[in-house]
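# Remarks on the overall topology
Chain by chain, the residues run as shown.
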Amino acid sequence: MRPPRRCGGRRLSTRSSSSSRVPWLYAFVRDTTAQSEGVAVVLMLGIVLLGTMTVLVAGGAAITDSRQNVQISKAEHAMRQLDAGASTVVFDNADRSSVDLGVAAGDGQLRTTDDGWIRVEIQDADTDYADPTTRVLNVTLGSTIYENGDTTVAYQGGGVWRTDGDAATMVARPEFHYRNGTLTVPIVSITESNDLYEEVEVVETDSFERWYPNSTADRPHRLSNAKVVVTVQSDYYEAWGQYFEDETDGIVTYDHAQETVSVKFLALPSNFSLQNGIVATSGTGSLTLAGTGAYTDSYDSTIPGGYTASSGENGDIAAVGDVTLKGDSSVWGDVYAGGTVTMTGGPTLNGDANVINETSDYAPSGSYTHNGNVSEIDGVATIEPIDGYVRNQVEAIRVSNNNVGHPNIDDGTHRLVLTAGQSGTIEAGSYYLKDLTLSGSKLTLDTSGGDITLAVRDYIQLEKSSGKLAEMTVEGPGNVTIFILGESPNPNGYDFQMTQGTSVTVPGHESPRLRIYGTSSFDAQIKGDSSPINVYFVGLIYAPAGVDGSGSVNVRQAEVYGGVVTGSLSLDQYGAVHYDEALGMIDLPRSPTVSRLEYLHVGHHQVAIREA
């Protein structure tokens, strides 16, 4: 009989020979039998210590952050309490008010400063001039500030603000209210700078000043033909601006370099008429006539025969900024400038030069001709943007329009389907287009059945294609209104562009029958590419840019019959604008979405916040 096979022993021997396959840490501890227990203990202690340190560091940071958050939250509550205490003194006529801020020593730094200011201006609507002695109030705001690391919480102007090193936010609204045509600005100034602790008191340091209305200073209760501009300079100006945007429909503008924000209200009719042929409305923009054959003049389309029968010398031009005449350009009319009037290289001005300061702002040089006088004016009024109006109109027509089933409009792309050499017609109604492009095609806007309104999201472009010229013509007795939002300009960067040989015409040069409305960033080029002039536009381009809008219009080797209102405007070689005096008899929208102001209340309170 065979002895039993010792398979089990053989298998044990095999496992022993493959010990290198176990985890290295296990093998190390097992094979170093004399030291294994000590090494294992050391490793375990190291792991425990590392974990403990990690928990302590992370937990300590969390505890620190949590403690700081609590401190800042308490500071926000303290500033609200301070606001309530100041209101008791300012508005409830209390002699003083004591406030426990609850900010313990070591929880942050608490102090008052003389930072920030607020300015209220009442500008004349025709000139934007505000007499500094009677129509401007400019006072320091001051602040009570709590600082903890990168976070600042401040009481300023009756509001509470917070900044964490970047953008500021509002914690509690300031003393600034606009309701139903009435603006109320009760200014609270902090008059002393000092360090503070937990217990403070608020006391009034000077008698209340009722700045507006004030019959003694000829400031009546009801505003008329004016603009009201409130400007705040502050470390928290962006939060002030957000409050202005949220609470009013005023025009809000920022100057980040100066850390200021302004909000403008209009106390004037919502419509007005155009009295100048070309107007450059941007304060940073300019109006330039340069090169051979650039000129302005006038006509009256209400007279049969249009320009040929009624051409005249009322082609006035106006700019909030500078006016420059170069080369042999000419102006058959008056010039109005809020900046300087410069003439170089032989231009002709057949009219008066109206400037703010005759000595410093009228600067002709070299060879020039001026057949007129130099007069001083208070300024040139800004025409506020109509961005909101254009946006609202485009959106309304996008939602509800007459596009469906129209033979010349693609329902899916919202674009014209005309190609080079084709002609099409749009009849009475409202239509929405992503862009209006005529490439060698012709479009008739037929108003015989009523007015036409076009809402264009991106741009209008007329161009020559396949030897064919692009044309757009208004026919019939009605009016055509085109809103261009300019969401995406054309490939050349323009919201409206006309090139070689193209034309936009209205019979009899009746420019009031075609009105193009654009935003403050509206850019247009009406430009031929040969001499003589071969591009023609009849109508009104109305895209006021306000004080700081970027819009511009360039006219070169082209004629415009009607008028142009934009940010900056240049007439280059053979560029002409013939002002249609009939535009002075129609109403144009003056920022219809901007808050209209009837009544203004401005008071100034001065307080000190001291250690109790």
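Computed from a prediction, not measured in an experiment: that's the story for all the values here.

Turning to the side chain of Arg-590, a few remarks are in order. Residue placement: Arg-590 occurs in the loop between β46 (588–589) and β47 (599–611). When its relative accessible area of 8% is taken as the criterion, Arg-590 is described as buried. In contact with Arg-590, other than residues within four places in its own chain, are Ala-125, Lys-227, Leu-266, Leu-268, Pro-269, Ser-270, Asn-271, Phe-272, Thr-382, Glu-384, Tyr-542 and Arg-596.

What follows covers the packing of aromatic side chains. Within the structure shown, the criterion is met by 17 aromatic pairs. Relative to Phe-244, the ring of Phe-176 lies with its centre 4.8 Å away and its plane at 45°, an arrangement referred to as tilted. One end of the pair, Phe-176, is in the loop between β8 (168–172) and β9 (177–179); the other, Phe-244, is in helix α4 (residues 237–247), with 68 residues separating them in the sequence. Comparing Phe-176 with Phe-244 shows no difference in burial state: the two are buried. Between Tyr-299 and Tyr-307 the ring centres are 5.8 Å apart and the planes differ by 80°, which places this aromatic pair in the edge-to-face class. Judged by its relative accessible area of 0%, Tyr-299 falls in the buried class. Every member of this aromatic cluster is reached through a ring pair, and the members are Trp-161, Phe-176, Trp-240, Tyr-243 and Phe-244. If you follow Arg-590 out to its NZ or CZ, it ends over the ring of Phe-272, 4.9 Å from the centre.

With six of its six residues buried, strand β6 (residues 151–156) lies for the most part within the structure. Neither face of β6 is open: one carries Thr-151, Val-153 and Tyr-155, the other Thr-152, Ala-154 and Gln-156, and all of them are buried. Of the strand pairs in this sheet, strand β5 (residues 143–148) and β6 are connected by five bridges, and their pairing is antiparallel. Directly across from Ile-145, in β6, lies its bridge partner Ala-154. Hairpin geometry of β5 and β6 is characterised by an intervening segment of two residues between the two adjacent antiparallel strands and by a positive phi of about 65° at Gly-149. The sheet contact formed by β6 and strand β7 (residues 159–163) spans five bridges and is antiparallel.

The subject of this paragraph is the sheet that holds strand β15 (residues 251–255). Taken together, the five strands give an open sheet; going across it, the order is β4-β3-β14-β16-β15, and neighbouring strands pair in antiparallel fashion. Where the open sheet ends on each side, the last strands, each with one partner, are β4 (136–140) and β15. Direction aside, neighbouring strands of the sheet carry axes that sit 15° apart on average. Taken together, the five bridges between β15 and strand β16 (residues 260–267) define a ladder with antiparallel strand orientation. Residue pairing in the sheet places Val-252 in a bridge with Val-263 of β16.

Before going further, it helps to spend a moment on the pattern of salt bridges. A side chain with one charge may pair with a side chain of the opposite charge, provided their charged atoms come close. Evaluated as defined, the whole model comprises 17 salt bridges. Across the pair Glu-201 and Arg-96 runs a salt bridge whose closest N-O atoms are separated by 3.1 Å. Remark: Arg-96 occurs in strand β1 (residues 96–100) and Glu-201 occurs in strand β12 (residues 199–204); sequence separation between them is 105 residues. The exposure class of Arg-96 is partly exposed, given its relative accessible area of 47%. The partner of Arg-457 in a salt bridge is Asp-458, with the nearest N and O atoms 2.9 Å apart. On the accessibility criterion, Arg-457 (21% relative accessible area) is partly exposed. Here the salt bridges do not stand alone but share partners, grouping Asp-128, Lys-227, Lys-264, Glu-384 and Arg-590 into one network.

Bringing the sheet that holds β6 into the picture now. With antiparallel pairing, the six strands of this open sheet are ordered in space as β8-β7-β6-β5-β2-β11. Only two strands of the sheet have a single neighbouring strand rather than two, namely β8 and β11 (194–195). Together, β6, β7 and β8 form the strand contacts of α4, whose direction differs from that of β8 by roughly 60°.

Of all hydrophobic cores here, the largest spans 64 residues; its most connected members are Ile-482, Phe-496 and Phe-537. Among the elements that line this core, the one with the most residues is strand β34 (residues 452–463), at five residues. The contacts of Phe-537, once residues within four sequence positions are left out, are Phe-496, Met-498, Val-504, Leu-514, Ile-516, Ile-526, Glu-559, Val-560 and Tyr-561. Core analysis: the second largest hydrophobic core is formed by 35 residues, Ile-122, Tyr-178, Leu-223 and Val-232 among them.

A few words now on the environment of Thr-288. Counting through the fold element by element, Thr-288 comes out in strand β19 (residues 286–289). Linking Thr-288 and Asn-554, residues 266 residues apart in sequence, is a C-alpha distance of 9.7 Å. Once residues lying within four places of it in the same chain are set aside, the contact partners of Thr-288 are Thr-324, Leu-569, Ser-570 and Leu-571.

On to unusual backbone geometry. A cis amide bond links Tyr-212 to the next residue, Pro-213, at an omega of -5°. Mapped onto the elements, Pro-213 comes out in the loop between β13 (209–212) and β14 (226–233). In the Ramachandran plot, Asp-128 falls in the positive-phi region, its phi being about 60° despite a non-glycine side chain. Positionally, Asp-128 belongs in the loop between β3 (117–124) and β4. Classification of Asp-128 as buried rests on a relative accessible area of 18%. Despite not being glycine, Ser-591 shows a phi value in the positive range, around 45°. Structurally, Ser-591 can be placed in the loop between β46 and β47. The class of Ser-591 is buried, set by a relative accessible area of 1%.

The next point concerns the confidence of the model for the protein. Mean pLDDT over the protein: 88, with 88% of residues reaching 70 or higher. Segment residues 23–30 is flagged for pLDDT under 50; beyond a separation of four residues in sequence, or across chains, it makes five contacts in the model. Of the regions scoring below 50 in pLDDT, residues 60–64 engages in one contact with residues more than four places distant in sequence or in other chains.

Right, let's talk about a negative patch on the surface for a bit. Negative charge collects at one region of the surface, where Asp-114, Asp-115, Asp-235, Glu-238 and Glu-259 lie side by side. Mapped onto the secondary structure, Glu-259 falls in the loop between β15 and β16. Accessibility expressed as a relative area gives 31% for Glu-259, which makes it partly exposed.

Each value, and the rule that gives it
Residues numbered from 1 in each chain as written. Predicted model: local features only at pLDDT ≥ 70, side-chain atom pairs only at ≥ 80, totals over all residues. Heavy atoms only, no water. Helix = DSSP H or I, 4+ residues; strand = E, 2+ residues; numbered from the N terminus. Buried < 20%, exposed > 50% of the residue type's maximum accessible area, 1.4 Å probe, protein only. Contact = heavy atoms within 4.5 Å. Phe/Tyr/Trp six-rings, centres within 6.5 Å; stacked < 30°, edge-to-face > 60°. Lys NZ or Arg CZ within 6 Å of the ring centre and 35° of its normal. Pairing = 2+ DSSP bridges. Axes fitted to C-alpha atoms, helices over the stretch in contact; angles between N-to-C directions. Salt bridge = Lys/Arg side-chain N within 4 Å of Asp/Glu carboxyl O. Core = buried A, V, L, I, M, F, W, Y, C linked by side-chain atoms within 4.5 Å. pLDDT = per-residue confidence, 0-100. Patch = residues over 30% accessible without salt bridge, like charges linked within 9 Å, V, L, I, M, F, W, Y side chains within 5 Å. Areas by Shrake-Rupley, 256 points an atom, 1.4 Å probe, with all protein chains shown as cover. Lys, Arg positive; Asp, Glu negative; His and termini not counted. Charge placed at Lys NZ, Arg CZ, Asp CG, Glu CD.

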